[in-house]
Amino acid sequence: MSDSPPFTVKPVYWQAAQPMLREIRSAVFIMEQGVPQELEWDGLDEHAYHVVALAADDTPIGTGRLLQDGQIGRLAVLKAWRGRGVGKALLDMLLVIANKMGNEEVKLHAQVRVLDFYLKRGFVAQGREFMEAGIPHVTMTRTTIDQTSWPAAFVFRPLARLT
């Protein structure tokens, strides 16, 4: 049995990773949840920080983004990979990036059906439930103070050695 994790998470640039990020978000938000394309593709991706989860064979299985104002969003995991820690690893990576970018607090719009996922990760609900893209949401916040080191799903690769 191999010691390698079943998936890894890494930061990516929108320009380079756009096709795979769009594929995941289209499958989860547009096809599965019925979010209209014009709401999903809001024009904010180019200036956001993005992360991707890759299966051991490098198949993209999840993604998320962090806007420069500290808002986490577009956290999506393909159905076959849910319940296996992918969402948590993506969220952990986004929290570390937020912390390293100077955001002491982050916010997000959580779908009500996955509220427990965020509550278990230290998020606190703020305000009342509201509708976004036809789906009930709640605004949630949390600090990033405890997110100063890269999560276990992040794979470090040694720098090339000069000869």
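Residues numbered from 1 in each chain as written. Predicted model: local features only at pLDDT ≥ 70, side-chain atom pairs only at ≥ 80, totals over all residues. Heavy atoms only, no water.

## With respect to helix 1 (residues 14–32)
Helix length check: helix 1, at 19 residues, gives a terminal C-alpha distance of 23 Å against a target of 27 Å (1.5 Å per residue), a shortfall beyond 12%. At methionine 20, helix 1 is deflected by roughly 40 degrees, the largest bend along its length. By the burial criterion, the buried members of helix 1 are Trp14, Ala17, Leu21, Ile24, Arg25, Val28, Phe29 and Ile30. Those residues of helix 1 that are buried lie in contact with strand 1 (7–12), helix 2 (37–40), strand 2 (49–55), strand 3 (60–66), strand 4 (71–77) and strand 5 (105–111). Looking at the residues trailing helix 1, positive phi occurs at glycine 34, about 75 degrees. (Helix = DSSP H or I, 4+ residues; strand = E, 2+ residues; numbered from the N terminus. Expected span 1.5 Å × (residues − 1). Bend = angle between axes of the 7 residues up to and from the residue. Buried < 20%, exposed > 50% of the residue type's maximum accessible area, 1.4 Å probe, protein only. Contact = heavy atoms within 4.5 Å.)

## Some thoughts on the layout of surface pockets
Rolling a probe over the atoms, with the probe sized like a water molecule, indicates the empty space that remains. One number sums up the size of the largest pocket: a volume of about 840 Å³. For the largest pocket, the lining is made up of 37 residues, of which Phe29, Arg74, Leu75, Gln111 and Tyr118 are closest to its centre. Mapped onto the lining of the largest pocket, the elements with two or more residues apiece are helix 1, helix 2, strand 4, helix 3 (86–100), strand 5, helix 4 (115–119) and strand 7 (135–143). A total of seven residues in the lining of the largest pocket trace back to one element, the largest contributor, which is strand 4. Residues of the lining of the largest pocket, tallied by class, amount to 19 nonpolar, nine polar and nine charged. (1 Å grid on protein atoms, 1.4 Å probe; cavity = no way out; pocket = protein on both sides within 12 Å on 5 of 7 lines; lining within 4 Å. Points joined across faces, edges and corners; volume = space filled by probe spheres on them. Nonpolar A, V, L, I, M, F, W, Y, C, P; charged D, E, K, R; others polar.)

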